[in-house]
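Listed below, chain by chain, are the residues.
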Amino acid sequence: MQNFDYMTPTRLIFGKGVVEKLPQVMAQFGNRILLTYGGGSIKKIGLYQKVHELLRGCEIVELSGIQPNPKYDPSVLEGVRLCKEHKIDVILSVGGGSVLDCSKAIAAGACYDGDPWDLISYKVKAQAALPIVDIITLAATGSEYDCGGVISRTETNDKIGYIDRHLFPLVSFLDPTYTFTVNRKQTAAGIADAMNHTMEQYFVEDATLLNDGFCESMLRSLMVNGRKCLENPEDYTARAEMMLACTYGCNGILALGNSPSGWPCHGIEHALSAYYDITHGEGLAIITPRWMQHILNERTLSRFVKYGINVFGIDASLDKWEIASKAIEETYKFFESIGIPMHLREVGIDESRIGEMAHHIAVNEGLENAYAPLTEKDIAEIITASL
Ligand code: NZQ
Ligand code: ZN
């Protein structure tokens, strides 16, 4: 078991109707609020109106139109400008992971005098950030419980996972009823994202029995409850369990004491969505089984065997290689069964930029240090196999 130094300072307030506590929560941070949101889903579900009602008397400045795969320009830059101009005390992010990730970058940029890209690109370390409170409306990223934000810069094809301890939300409101309206495509992408977060932490050299059990249970829960959410989008219990599983997915709690993973599928997917603006969870679902196939060898075999038996219930008496192959096939079949397009061509990606993307990933993502090290050639082969 490896050493670790871990803290998650985020207060989680979970359940139906918990947003009623918003006024008392916000009061501790100040009166001038930057309200951030996306393309309008929060208006359709009545949450925008509810937030204004609850925060009557506060000074609210708005930043709307934050897109999926949130963009540095204009969203982060505009948000930082608004914070400085209006001397904002606290950011309230209402929406999915993209809105929250953008809000995190704004929170750090607002406390920095130079170009916020200095922080996101790790040229300068953040010394502070504005407090962040969020109401998460989509179960997927786990951004509500971690200190990362993923920001895209279109002109350079960069999509950077910006991680800094100042970026933890201080309070996250999780009301599963707000996720009832998430459509099939985004629900399936959320299931795939959280499942892949778990797999990224499961496929490592040195793992504990404790973490393996936690991860295997996460994967089973996400498959069972994810399917129920697709069958009946207003199944509260299923939406609630999926939401909590997603929240656990990305803040490292599943991997305490494990050896590092390198998060290879994320390294590859971030480039795909940087170059082609695809949906993150779909990109992951497409890449995952091809990555598994690529890294399956004598050294990794035992992890696939354990995964196959404990997650999919594959007969443990079968030959080990057969169990591993079946496990990869089951992974593919599950994603396909929840309606995810399983080929890159179906999401608009062809072979024309594979070399360029593989080079970008090899230079920027450090995957030569992953659990199963990946060279530029390996990365290109995985993407090619995913076409
Ligand atoms: O923009 P609006 O109108 O709000 O619509 C959104 C958006 O179109 C919609 N939506 C959100 N809540 C809804 C809803 N529609 C109906 N009802 C609701 N309740 O869903 C669409 C997608 O939203 P988005 O926020 O982009 O999805 P998600 O939460 O999956 O976030 C994806 C982003 O997070 C990054 C991804 O790379 C991607 O940029 N990630 C962030 C991580 C983190 N911070 O820890 C880790 C992840 O691995 C991931 O990389
Ligand atoms: Zn992810």
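Structure report, in brief. Remember, predicted model here, so these are calculated numbers, not experimental data.

### Structural notes on unusual backbone geometry
Negative phi is the rule for most residues except glycine; trans is the rule for most peptide bonds.
Point 1. Following Asp73, the chain continues into Pro74 via a peptide bond in cis, with omega recorded as 15 degrees.
Point 2. With respect to the element layout, Pro74 can be found in helix α4 (residues 72-86).
Point 3. Look at Tyr122: it is not a glycine, yet its phi comes out positive at around 65 degrees.
Point 4. Note that Tyr122 resides in the loop between α6 (117-120) and β5 (132-136).
Point 5. Exposure remark for Tyr122: the relative accessible area of 46% places this residue in the partly exposed category.
Point 6. For Asn157, which is not glycine, the phi torsion reads 55 degrees and is therefore positive.
Point 7. Counting through the fold element by element, Asn157 comes out in the loop between β6 (148-153) and β7 (158-163).
Point 8. Its relative accessible area of 16% is what places Asn157 among the buried residues.

### Points about the site of ligand 1
Point 1. Around ligand 1, the surrounding shell holds 30 residues, and the nearest of these are Ser41, Gly97, Ser98, Asp146 and Lys159.
Point 2. Here Gly40 contributes a backbone N or O atom positioned 3.1 Å from an oxygen atom of ligand 1.
Point 3. One of the side-chain N or O atoms of His266 is found 2.8 Å from an oxygen atom in ligand 1.
Point 4. Burial of ligand 1 by the protein amounts to 87% of the accessible area it has alone, namely 960 Å².
Point 5. Counting only elements with at least two residues in the shell around ligand 1, the list comes to α5 (97-109), β6, α7 (184-202) and α10 (264-276).
Point 6. Split by residue class, the shell around ligand 1 holds eight nonpolar, 18 polar and four charged.
Point 7. Residue assignment places the shell around ligand 1 across two domains, with domain 1 (11-179) and domain 2 (184-385) each supplying three or more.

### Here we look at the pattern of salt bridges
Point 1. Taken as a whole, this structure holds 18 salt bridges when the rule is applied.
Point 2. With a shortest N-O distance of 2.7 Å, Lys50 and Glu20 are connected by a salt bridge. On the criterion of sequence distance, the pair formed by Lys50 in helix α3 (residues 47-54) and Glu20 in the loop between β1 (11-14) and α1 (22-27) is long-range, its members being 30 residues apart.
Point 3. Taking relative accessible area as the criterion, Glu20 reaches 46% and is therefore assigned partly exposed.
Point 4. Each of Glu78, Arg81 and Glu85 takes part in salt bridges that share partners, so that together they form one network.

### Some points on the coordination of the zinc ion (ligand 2)
Point 1. The coordination sphere of the zinc ion (ligand 2), as far as protein atoms go, consists of Asp193 (OD), His197 (NE2), His266 (NE2) and His280 (NE2), spread over 2.0 to 2.2 Å.
Point 2. One chain supplies every donor to the zinc ion (ligand 2), and in sequence these donors are spaced D-x3-H-x68-H-x13-H. A residue pair is termed a helical-turn pair when its members lie 3 or 4 positions apart in one helix, as Asp193 and His197 do in helix α7 at four residues. Here Asp193 and His197 have matching classes, each one buried.

Thresholds applied
Residues numbered from 1 in each chain as written. Chains lettered and ligands numbered in written order. Predicted model: local features only at pLDDT ≥ 70, side-chain atom pairs only at ≥ 80, totals over all residues. Heavy atoms only, no water. Helix = DSSP H or I, 4+ residues; strand = E, 2+ residues; numbered from the N terminus. Buried < 20%, exposed > 50% of the residue type's maximum accessible area, 1.4 Å probe, protein only. Near = heavy atom within 4 Å. Polar contact = N/O pair within 3.5 Å; in protein donor to acceptor, adjacent residues only side chain to side chain. Areas by Shrake-Rupley, 256 points an atom, 1.4 Å probe, with all protein chains shown as cover. Nonpolar A, V, L, I, M, F, W, Y, C, P; charged D, E, K, R; others polar. Domains from an automatic or database assignment. Salt bridge = Lys/Arg side-chain N within 4 Å of Asp/Glu carboxyl O. Donors = N, O, S within 2.8 Å, 3.2 Å for Na, K, Ca; no water.

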